[in-house]
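If you want the building blocks of each chain, they are given just below.
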Amino acid sequence: ADPEWTAILSEGDGGLGSARWCSENTHVVVVDEFSTRACFWSVFDGSCTYAPRPKGKEENFISFCPGGRYIAIAHREKSQDSIAVYTLEHGELLELSRFHIGTRDSAGLRWSGDGALLAVWDSELDCRVQFYSPDGLLCHEFSPYQNALGVIGIAWSPDAKSISVSSHDRSIRILNSISWSMVSHLCHSETLNSRRTVLFQEEFTFEDPSEGELQHHENNDPNSEHDRYWSNSGRSYYAAKSGNVSLREKENTLNTSEIQRVLLYGWSSSGRYIASLDQHFNDTVWIWNLRSSTPTAVLRHRHPVLDAQWDPFHERLAICTGQGTIFFWTPRASSCVDIPWKSFQASTLAWSPLGGILLARGRTSHLFLYVDLP
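Visitor: Explain the overall build of the chain to me, and be specific about the residues and the numbers.
Guide: On a plain count of helices and strands, the chain comes out with one helix and 32 strands. Within the chain, the proportion of its 374 residues that are buried is 51%. For the chain, the proportion of contacts with a sequence separation of at least 24, taken over those separated by at least 6, is 44%.

Here it is, written out as structure tokens:
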């Protein structure tokens, strides 16, 4: 590897809408601002091949089959959705199949972990998820309710035998992809009353420079001047609570927007846990144990959660809230890790493909964190 190697990719006057690595790590796919084409750039020789007119620049409209052999791209022509399946061979993008799908206005697509199925979900106006084989055969359609705001997102389990579907009714449904039966229905509530659930509440202490001692931070308003003044001289920690706990105790973080969503942060590497965020309480991450269909942990923070990502090979979740602290959860413990660089505020996270190294991205800088947690 050449540590001095760099490359610049440009879409010219069309503007750069999005860029991401292909799953085989030899190409970068770039979509221009107006979604006129998806360009696949080789990092070896700088060659480029492209697919015309993807449906959008968002990453939900391009999905890579695990292993990198196949690429599915959503298209829309003449007010009808379609999917094209491609393969990259010798630097050329070859179309293998193209078929119309039954969505009214698809919002994204996702390959299963074994590459046998493509899941396509409709816009939030229709509660519908369809499952297709790569050659266009409709295998199943899942529509749990009608005449209400519908699907927000989906996530496949690591073994591709289950799929989770989040929706606007503040719940997550787990489907078995073999029998197509619904095996779990996970509902976010405002009260935790299970003995199996532990609430981890972020608390804050600060060191008073004038007195040289640690003090507990009593101010619960994360936007106050007092909070911002002490944020560089204090530290966060988790305080554990159990039993009957109401999430409404912290009214200042209640999201009163009329439209509420449940965001999926995917499955853990073993497939035992799912992480989610109910935007009704946008500072709270739920960790669901799928063996009992109950939350095993609920992690509540002083600021709204911006991102959460599972380690691809270890049973641990990283969380950021736009501050100088990264939060971690494992089945054994939860912890708060302060970033040494005081001016850095993490807004998005990404694990390395082999796990163990976490990329934290701020507004103008990036940090690589080597994580060694049990």
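Visitor: Which residues make up the sheet that holds strand β2 (residues 27-32), and what values go with them?
Guide: In spatial order, the strands read β1-β2-β3-β4; together these four strands make up an open sheet with antiparallel pairing. The open sheet has two free edges, formed respectively by β1 (16-21) and β4 (48-52), since each of these has just one partner strand. Within this sheet the neighbouring strands show an average axis-to-axis angle of 20°, counted without direction.

Visitor: So what about unusual backbone geometry? Which residues, and what values?
Guide: One non-glycine residue, His90, lies in positive phi territory at about 55°. Tracing the sequence through the fold places His90 in the loop between β7 (80-89) and β8 (92-100). Positive phi values are uncommon outside glycine, yet Asn147 reaches one of about 60°. By the element assignment, Asn147 lies in the loop between β12 (138-142) and β13 (151-156). By relative accessible area, which is 84% here, Asn147 ends up exposed.

Visitor: Mind laying out the pairing of β7, listing which residues take part and the relevant values?
Guide: Note on strand geometry: in a regular strand, side chains alternate between the two faces of the sheet. With eight of 10 residues buried, β7 is to be regarded as a mostly interior element. Note: strand β6 (residues 70-77) against β7, eight bridges, orientation antiparallel. Among the inter-strand pairings, Ile73 is bridged to a residue of β7, identified as Ala84. Counting the residues that bridge the hairpin from β6 to β7 gives two residues, and of these Lys78 lies at a positive phi of roughly 55°. Taken together, the eight bridges between β7 and β8 define a ladder with antiparallel strand orientation. Within β8, the residue paired with Val85 across the bridge is Ser97. Hairpin connection, β7 to β8: the antiparallel pair is bridged by two residues, and His90 has positive phi, about 55°.

Visitor: Please provide a residue-by-residue account of the packing of aromatic side chains, values included.
Guide: One pass over the full model with this rule turns up 10 aromatic pairs. When the ring of Tyr70 is compared with that of Trp111, the centres are 6.4 Å apart and the planes differ by 25°; the resulting orientation is stacked. Pair noted here: Tyr70 is in strand β6 and Trp111 is in strand β9 (residues 106-111), with a separation of 41 residues, a long-range link. Residue classification places Tyr70 among the partly exposed positions, given a relative accessible area of 24%. Classification of Trp111 by relative accessible area gives buried; the value is 5%. Directly above the aromatic system of Tyr50 lies the positively charged group of Arg37, at a separation of 5.4 Å from the ring centroid. One cation-aromatic arrangement involves Arg302 over Phe204; the distance from NZ or CZ to the ring centre is 4.5 Å.

Visitor: An account of the pattern of salt bridges is requested, with residue identities and associated values reported.
Guide: In a structure, side chains of opposite charge can pair up when their charged atoms sit close to one another. Inspection of every chain in the model, using the stated rule, returns 16 salt bridges. For Arg128, the salt bridge identified is with Asp122, shortest N-O distance 2.4 Å. Between Arg300 and Asp283 there is a salt bridge, with the nearest N and O atoms lying 3.2 Å from each other. With Arg300 in strand β25 (residues 294-300) and Asp283 in the loop between β23 (273-278) and β24 (284-289), this pair connects stretches of sequence that are 17 residues apart.

Visitor: Would you mind going over the sheet that holds strand β5 (residues 62-64) in detail, with residue names and values included?
Guide: What the four strands build is an open sheet, ordered β5-β6-β7-β8; its pairing is antiparallel. Lying at the two open borders of the sheet, with one neighbouring strand each, are β5 and β8. Neighbour to neighbour, the strand axes of the sheet diverge by 25° on average, direction disregarded.

Visitor: Could you give me a rundown of empty space enclosed by the protein, with the residues and numbers involved?
Guide: Counting across every chain of the model gives one cavity of 30 Å³ or more. Estimates place the volume of the largest cavity at around 40 Å³. If you trace the largest cavity, you find it lined by Ser18, Ala19, Arg20, Val29, Val30, Val31, Lys57, Glu58, Glu59 and Ile62. If you list the elements that add at least two residues to the lining of the largest cavity, you get β1 and β2.

Cut-offs and rules
Residues numbered from 1 in each chain as written. Predicted model: local features only at pLDDT ≥ 70, side-chain atom pairs only at ≥ 80, totals over all residues. Heavy atoms only, no water. Helix = DSSP H or I, 4+ residues; strand = E, 2+ residues; numbered from the N terminus. Buried < 20%, exposed > 50% of the residue type's maximum accessible area, 1.4 Å probe, protein only. Contact = heavy atoms within 4.5 Å. Pairing = 2+ DSSP bridges. Axes fitted to C-alpha atoms, helices over the stretch in contact; angles between N-to-C directions. Phe/Tyr/Trp six-rings, centres within 6.5 Å; stacked < 30°, edge-to-face > 60°. Lys NZ or Arg CZ within 6 Å of the ring centre and 35° of its normal. Salt bridge = Lys/Arg side-chain N within 4 Å of Asp/Glu carboxyl O. 1 Å grid on protein atoms, 1.4 Å probe; cavity = no way out; pocket = protein on both sides within 12 Å on 5 of 7 lines; lining within 4 Å. Points joined across faces, edges and corners; volume = space filled by probe spheres on them.

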